[in-house]
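Now for the letters of each chain:
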Amino acid sequence: ATTIHLNNISSFKENEKYYCRYSKNYFYTGHPFNDIYSEAEIREGMDGESKYISIGLFPGSRRQEITMLTEIFIKTALMLRRIYGDRLRITLASAHEEYFDYIIKAKIKIFKKYKIYEDSFFNITNENPSDVIKKSDVLISASGTVAMEALFCRKPVVICYKVSCLTYFIGRIL
């Protein structure tokens, strides 16, 4: 039996030149997103011509993520709105239709709390996340598939996760 030891495994084709130069033990695994996005589609979303800044919010796909992050993401979007004003357009993507009502209620609650009555800049959608990613200039996302997809689309992404106080303090000690 032959044993193969792999030091480097990558799902990004661009890494192949680097790893092959410095390591003989490299394996390119590929990724389904490589098949979904063509170079032309990626460049289409990078025109830089728009007078608006478009931010895509992705608070997650699981109930726990959505309940922990949706309000934080909405408040963050409102803080960015104060900085960038009318140039900012926000799209919050609901991963599943079952969470759509929760997200709408969270938005209404926060907008009411901060006395924001005009909301044409803030869109909540359950369209395909890939379409929201392509249309956005930057993303704010829970860690997960969207973050990986953003890399393939060459979109800047801020990856967020909220942990319990206990987990935070243990992490600080380590």
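Sequence positions are assigned chain by chain, starting from 1 and proceeding in written order. Where totals are concerned, whole chains, interfaces and linings use all residues; where local detail is concerned, this predicted model gives features only for residues with pLDDT of at least 70, and gives and counts side-chain atom pairs only at 80 or more. Hydrogens and water are ignored here; the side-chain numbers use all heavy atoms of the structure.

A word on the nonpolar core
The following threshold applies: Working definition of a nonpolar core: buried Ala, Val, Leu, Ile, Met, Phe, Trp, Tyr and Cys residues. They are joined through side-chain atoms within 4.5 Å. Think of it in three bands: residues with accessible area under 20% of the maximum for their type are buried, residues over 50% are exposed, and the middle band is partly exposed, with areas taken using a 1.4 Å probe on protein chains only. Starting at the N terminus, helices and strands are each numbered in turn, a helix being any DSSP run of H or I of at least four residues and a strand any DSSP run of E of at least two. Pairs of residues are marked as contacts when any of their non-hydrogen atoms sit within 4.5 Å.
The biggest cluster of nonpolar side chains holds 21 residues, and the ones touching the most others in it are Leu-57, Ile-74, Ile-90, Leu-92 and Phe-122. Elements with a minimum of two residues in this core: strand 3 (53-58), helix 4 (63-84), strand 4 (88-93), helix 5 (100-113), strand 5 (122-125) and strand 6 (138-142). Leave out the neighbours within four places in its chain, and Leu-92 touches Leu-57, Pro-59, Thr-70, Ile-74, Ile-103, Phe-122, Asn-123, Ile-124 and Thr-125. Membership of the second largest hydrophobic core comes to 8 residues, among which are Val-132, Leu-139, Val-146 and Cys-153.

Description of the pattern of salt bridges
Quick note on the threshold: For this analysis, a salt bridge means a side-chain nitrogen from Lys or Arg found within 4 Å of a carboxyl oxygen belonging to Asp or Glu.
Applying the stated criterion across every chain, the model contains 7 salt bridges. One salt bridge in this structure joins Glu-65 and Arg-62, with 3.2 Å as the shortest N-O distance. Note on Glu-65: relative accessible area 4%, which makes it buried. By relative accessible area, which is 48% here, Arg-62 ends up partly exposed. Put simply, Lys-107 and Asp-119 hold a salt bridge, and the shortest N to O gap is 2.4 Å. One end of the pair, Lys-107, is in helix 5; the other, Asp-119, is in the loop between helix 5 and strand 5, with 12 residues separating them in the sequence. Taken together, the salt bridges that share partners define one network made up of Arg-81, Asp-86 and Glu-118.

Quick notes on the sheet that holds strand 6
Stated formally: Strand pairing is assigned whenever DSSP detects at least two bridges linking the two strands. Between N-to-C directions, angles span 0 to 180 degrees; the directions come from axes that are lines fitted to C-alpha atoms, helices contributing only their stretch in contact.
Taking strand neighbours across the sheet as the criterion, the 5 strands line up as 5-4-3-6-7 in an open arrangement whose pairing is parallel. With one partner strand each, in any of the chains shown, strand 5 and strand 7 (157-160) form the two edges of the open sheet. Within this sheet the neighbouring strands show an average axis-to-axis angle of 15°, counted without direction. Relative to strand 4, strand 3 runs parallel, the two being bridged by 5 bridges. Pairing of Ser-54 across the sheet is with Arg-89, part of strand 4. Sheet strands in contact with helix 5 are strand 4 and strand 5, and its direction is about 165° off that of strand 5.

Some points on the side chain of Thr-125
The residue Thr-125 is located in strand 5 in this model. Apart from residues no more than four positions distant in its own chain, Thr-125 is found in contact with Thr-91, Leu-92, Ala-93, Ser-94, Phe-100 and Val-132.

Topic: the side chain of Lys-155
Convention followed: When charges are counted, Lys and Arg contribute as positive and Asp and Glu as negative, whereas His and the chain ends are disregarded. Whenever a nitrogen or oxygen atom comes within 3.5 Å of another N or O atom, the pair is scored as a polar contact, on the condition that within protein one atom can donate a hydrogen and the other can accept it, and that pairs from neighbouring residues in sequence are kept only if both atoms are in side chains.
Looking at where Lys-155 falls in the secondary structure, it is placed in the loop between helix 7 (145-152) and strand 7. Although buried, Lys-155 forms no salt bridge, and the nearest oppositely charged side chain, Asp-137, lies 5.3 Å from it. Only 2.6 Å separates the side chain of Lys-155 from the backbone oxygen of Ser-136, close enough to count as a polar contact.

Honestly, it's all geometry; don't read function into it.
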